[in-house]
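# Structural features, examined
So you can see what is in the structure, the chains are spelled out below.
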Amino acid sequence: MLTNAGRGPLGAGCLGFSASGVGRAPVSVSSASVGPPVTPEVVRGKRAALFFAAVAIVLGLPLWWKTTETYRASLPYSEISELNALQLRLRVPVTVVFTRESVPLDDQEKLPFTVVREREIPLKYKMKIKCRFQKAYRRAFDHEEEALSSGNVQEAEAMLTVPQEQAEGSLTMYVISERSSLLPQDTMSYIGPKRTAVVRGIMHREAFNIIGRRIIQVAQAMSLTEDVLAAALADHLPEDKWSSDKRRPLKSSLGYEITFSLLNPDPKSHSVHWDIEGAVRQYVQPFLNALSAAGNFSVDSQILYYAMLGVNPRFDPTSSSYYLDTHSLPHVINPVESRLGSSAASLYPVLNFLLYVPELAHSPLYIQDKDGAPVATNAFHSPRWGGIMVYNVDSKAYNASELPVRVEVDMVRVMEVFLAQLRLLFGIAQPQVPPKCLLSGPKSEGLMTWELDRLLWARSVENLATATTTLTSLAQLLGKISNIVIKDDVASEVYSAVAAVQKAAEELASGHLASAFVASQEAVMSSERAFFDPSLLHLLYFPDDQKFAIYIPLFLPMAVPILLSLVKIFLETRKSWKNLEKTD
């Protein structure tokens, strides 16, 4: 009884204690950790906010970035930077032909062999230029021996003409006997109108060295000199490289337009007639045909009445004539140029040749040089513009007839002046020949073959310098300004220009002048098409503040709710994590 009774209340007390102690503790923990119940709507809201944020970040942001980025095609920046250190090797193939008694017999037995001479042309330019004369020595063939034994050098040239022309840029030197009568006795060399020259030999133990120096002097006069390349690189060299008496030739171009203008300021006194069509057909067109390898030419003419020079000439009482001094000549061009109107719609450089018949009140009119002496041709030319010739009417014509006096222009005299000016404008000047060298006159076309080669050498180097400068400037511009669009066609032109520059340099080093000139023209055209492409300017003037003004009204209303929802979810999650840590 005692045991059961004692055990009963004790067990009951124990059970009650256990029930109260164990049962209340879980209730207090559950109420502190759970709090208000989480409804399904709250869960769906959190999931929706997370979904919208994920879509905006994973899909929207990359899509917006990709669709609004500035497209920039890849460019060969490393190859363009290498062009600044480009070294040009201009190879001039020279074939040296020795006749029987031109050198000692022991030296003739050493033939044939090849001698290479290379020298660097000293120019203050980043592009290093080396001229490489490759001389191939050989004996003369039988027909060459027969031709070089003729009475004069003109007959020998006619007999040495071969049906197949020499390659552009190559030269052939004939070494004749020291006692040969082919050249005058006091003449050591002769330069012909084509790619040939004659050099007098010598009977000396150092014959090859002595003749070799003579050949180099003649070859330089017929191909490349420092002055020729300096004139071609006039726009790329410092000013101290040029003196006041040097003239800048025309820039290289695919085409040129030539305009002949007759200025008659006083049609009441002069009725001027000129056969410009016949003169162009007889004198100008053969010269342009010979020069066609350097570009395309178009010729037109016009007559301008009441066109004044714009400068009042001064009167000389001693000679009863008027004159224009050197200081007033630059002021003549501007007033006249406004009347020409030829360069307004032209894509190519325009050369103006003006024949001015002075009015009766200022006749005769002469042009004086810087020393005050009358110019023999009564003409002057302006570099890269053209030339002006003053044509005075014979004073006897005024006494023989009434006004207006009929004036027939002597086109032979006029075209001689204009052709000489045309040669100077293209940089085709008289070469600096070595001492005791006889220079042949030009052919009927007015241009020697080796003069055209020399012009192509200069134009090729000029084109490469222009293309290199254009590509370098373009690469620097695109590297500094990141919001310039670079389309695929622009990148294609840049790649084409770089490849053309490299090809032209290789062709020049191989001595292939014609293909090198064509490649250099392609380099200039491709580089300028890339540099002046209109698409490069589309986003150039689109600053960052305009971007903010466009995108902030678009993204701010959408981004603020998403960001606030993410912040709220983050804070609630963080609070729940802290409560769990306290419970643990």
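Residues numbered from 1 in each chain as written. Predicted model: local features only at pLDDT ≥ 70, side-chain atom pairs only at ≥ 80, totals over all residues. Heavy atoms only, no water.

## Structural notes on the sheet that holds strand E6 (residues 196-200)
Across the sheet, which stays open at both edges, the seven strands sit in the order E2-E3-E1-E4-E6-E5-E17 with mixed pairing between neighbours. The strands lining the two open edges of the sheet, one partner per strand, are strand E2 (113-120) and strand E17 (437-439). Between one strand axis and the next, the sheet turns through 20° on average, direction left out of account. The pairing of strand E4 (residues 171-176) with E6 spans five bridges and is classified as parallel. From the neighbouring strand, valine 175 faces E6, where its bridge partner is valine 199. Across the sheet, helix H6 (residues 153-160) touches E4, strand E5 (189-191) and E6, and the angle it forms with E5 is around 55°. (Pairing = 2+ DSSP bridges. Helix = DSSP H or I, 4+ residues; strand = E, 2+ residues; numbered from the N terminus. Axes fitted to C-alpha atoms, helices over the stretch in contact; angles between N-to-C directions. Contact = heavy atoms within 4.5 Å.)

## Focus on helix H15 (residues 513-531)
Between its first and last C-alpha atoms H15 spans 27 Å; for 19 residues at 1.5 Å apiece the expected length is 27 Å, and the two agree. Three or more residues of H15 are buried, namely Leu513, Ala516, Phe517, Ala519, Ser520, Gln521, Ala523, Val524, Ser526, Ser527 and Ala530. Next to the buried residues of H15 lie helix H13 (449-480) and helix H14 (488-510). (Expected span 1.5 Å × (residues − 1). Buried < 20%, exposed > 50% of the residue type's maximum accessible area, 1.4 Å probe, protein only.)

## Quick look at the UniProt feature "transmembrane region" (unreviewed entry) in the protein
If you check UniProt for "transmembrane region" (unreviewed entry), the listed places come out as residues 48-65 and 548-571 in our numbering. Taken end to end, residues 548-571 is 100% helix and 0% strand, and its first and last C-alpha atoms sit 30 Å apart. (UniProt positions renumbered as here; feature names shortened; annotations may be inferred.)

## Focus on the packing of helix H9 (residues 276-290) against helix H12 (residues 411-425)
Packing of H9 against H12 brings their axes to within 11 Å, and their N-to-C directions diverge by 30°. When you trace H9 past H12, the crossing you get is right-handed. Side by side, H9 and H12 meet where Ile276, Ala279, Tyr283, Val284, Phe287 and Leu288 of the first sit next to Met411, Val412, Met415, Leu419, Leu422 and Arg423 of the second. Here the residues of the contact of H9 with H12 are counted per class, giving eleven nonpolar, no polar and one charged. (Left-handed = near helix turned anticlockwise from the far one by under 90°. Nonpolar A, V, L, I, M, F, W, Y, C, P; charged D, E, K, R; others polar.)

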